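Close look at the chain arrangement
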Amino acid sequence: MSNKCEECLPGKFAERKGQSECEPVPSGTYQDGTGKTSSIPCPYGHISATEGSTECTPCSKGEVASDDKTKCLKCKAGEFNDQDYSVQGYSEEGCKVCPGGKYSNVEGVEKCHECVAGSWQGDTGQTKCRTCSPGRFTEKEGQKQCVDCQKGQFNPNINATKCENCPAGSYTTEEAQS
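First, a word on scope: everything that follows refers to the structure included in this document. Everything numeric here is computed off the predicted structure, so don't read it as measured data.

**Considering the overall build of the protein chain**
- Counting secondary structure elements, the protein chain contains zero helices and 18 strands.
- Here the C-alpha radius of gyration of the protein chain, 28 Å, is well above what a compact globule of 178 residues would show, namely 16 Å.
- If you line up the protein chain on its principal axes, its C-alpha atoms span 110 × 20 × 15 Å.
- Residues classed as buried in the protein chain amount to 31% of the 178 residues present.
- For the protein chain, restricting intrachain contacts to residue pairs at least 6 apart in sequence, the fraction spanning at least 24 positions comes to 38%.
- When the accessible area of the protein chain is evaluated, it comes to approximately 11300 Å², of which 45% is carbon and sulfur surface.
- Across the protein chain, the 20 positively charged side chains and the 26 negatively charged ones have centroids separated by 2 Å.

Okay, here's the thing in structure tokens:
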């Protein structure tokens, strides 16, 4: 028969005096010390999926922890998360929407893709880019809008990256000609 009280091991705690056993810390929390009276919530971007955890696991880039900190959730299409929760100094922003000129068409990405030249996206949080209509173009990637062809130029195609000069013997006095 023991004549002394035992300290709770890591992953367990005894909240009240007179307990006959230590309880495992709940999922979403951890305890890495001995003889403790409470659990510690997992830090932002970290989880513990099981009871009795002695540490929390960081979520991967493209993910964020659930509100109860028991699982990592992928960012939705149209969103991204570039935070590395395994290193100090991360922000607590979570998933962010893709800015204009960019998109993500799958879940769980760490960065958004730029719209290719000839396409655009003016809205945030989008899953695809829009095509430039005939008479309009974008030369560069990541554009938020298409540009009209100048007077004296034309473009008959969608997704154009430039406009052509009117051939000799022809002209146009209006912009955005197709």
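There is more to say, and it comes next.
**Details of the pattern of salt bridges**
- Overall, the coordinates contain four salt bridges when judged by the stated rule.
- The closest approach of N and O atoms between Lys-96 and Asp-82, which form a salt bridge, is 3.2 Å. In this pair, Lys-96 is assigned in strand β10 (residues 96-97) and Asp-82 in the loop between β9 (79-80) and β10, connecting sequence segments 14 residues apart.
- In this structure Asp-82 comes out as partly exposed when scored by relative accessible area, which is 38%.
- The partner of Asp-123 in a salt bridge is Arg-130, and the shortest N-O contact between them spans 3.0 Å.
- You can call Asp-123 partly exposed: its relative accessible area is 35%.

**What about the environment of Thr-29?**
- Position of Thr-29 relative to the elements: it lies in strand β3 (residues 29-30).
- Sequence separation between Thr-29 and Ser-53 is 24 residues; the distance between their C-alpha atoms is 7.0 Å.
- Ignoring sequence-local partners within four residues, the contact set of Thr-29 consists of Ser-39, Ile-40, Pro-41, Cys-42, Ser-48, Ser-53 and Cys-56.

**Examining the packing of aromatic side chains**
- With the rule as written, the count across this model stands at two aromatic pairs.
- Here Tyr-44 and Tyr-85 contribute two aromatic rings whose centre-to-centre distance is 6.0 Å and whose plane-to-plane angle is 65 degrees, an arrangement assigned as edge-to-face. With a gap of 41 residues between them, Tyr-44 in the loop between β4 (40-41) and β5 (46-47) and Tyr-85 in the loop between β9 and β10 connect regions that are remote in the sequence.
- By relative accessible area, Tyr-44 is classed as partly exposed at 24%.
- You can call Tyr-85 buried: its relative accessible area is 1%.

**A short note on the state of the cysteines**
- Applying the stated rule across the entire model yields eight disulfides.
- Note that Cys-149 is cross-linked by a disulfide to Cys-163, the S-S spacing being 1.9 Å. As the torsion about the S-S bond is roughly -75 degrees, the Cys-149-Cys-163 disulfide counts as left-handed. In this pair, Cys-149 sits in the loop between β16 (147-148) and β17 (153-154) while Cys-163 sits in the loop between β17 and β18 (164-165), placing the two residues 14 residues apart along the sequence. Per residue, the accessibility class of Cys-149 equals that of Cys-163, and both read buried.
- In this structure Cys-5 is a free cysteine whose sulfur lies 10.0 Å from that of Cys-22, the closest cysteine sulfur available.
- For Cys-166, which is in no disulfide, the shortest distance to another cysteine sulfur is to Cys-149 and amounts to 9.3 Å.
- For Cys-166, a relative accessible area of 19% puts it in the buried group.

Each value, and the rule that gives it
- Residues numbered from 1 in each chain as written.
- Predicted model: local features only at pLDDT ≥ 70, side-chain atom pairs only at ≥ 80, totals over all residues.
- Heavy atoms only, no water.
- Helix = DSSP H or I, 4+ residues; strand = E, 2+ residues; numbered from the N terminus.
- Rg over C-alpha atoms; globule rule 2.2 N^0.38 Å.
- Buried < 20%, exposed > 50% of the residue type's maximum accessible area, 1.4 Å probe, protein only.
- Contact = heavy atoms within 4.5 Å.
- Areas by Shrake-Rupley, 256 points an atom, 1.4 Å probe, with all protein chains shown as cover.
- Lys, Arg positive; Asp, Glu negative; His and termini not counted.
- Charge placed at Lys NZ, Arg CZ, Asp CG, Glu CD.
- Salt bridge = Lys/Arg side-chain N within 4 Å of Asp/Glu carboxyl O.
- Phe/Tyr/Trp six-rings, centres within 6.5 Å; stacked < 30°, edge-to-face > 60°.
- Disulfide = S-S within 2.5 Å.

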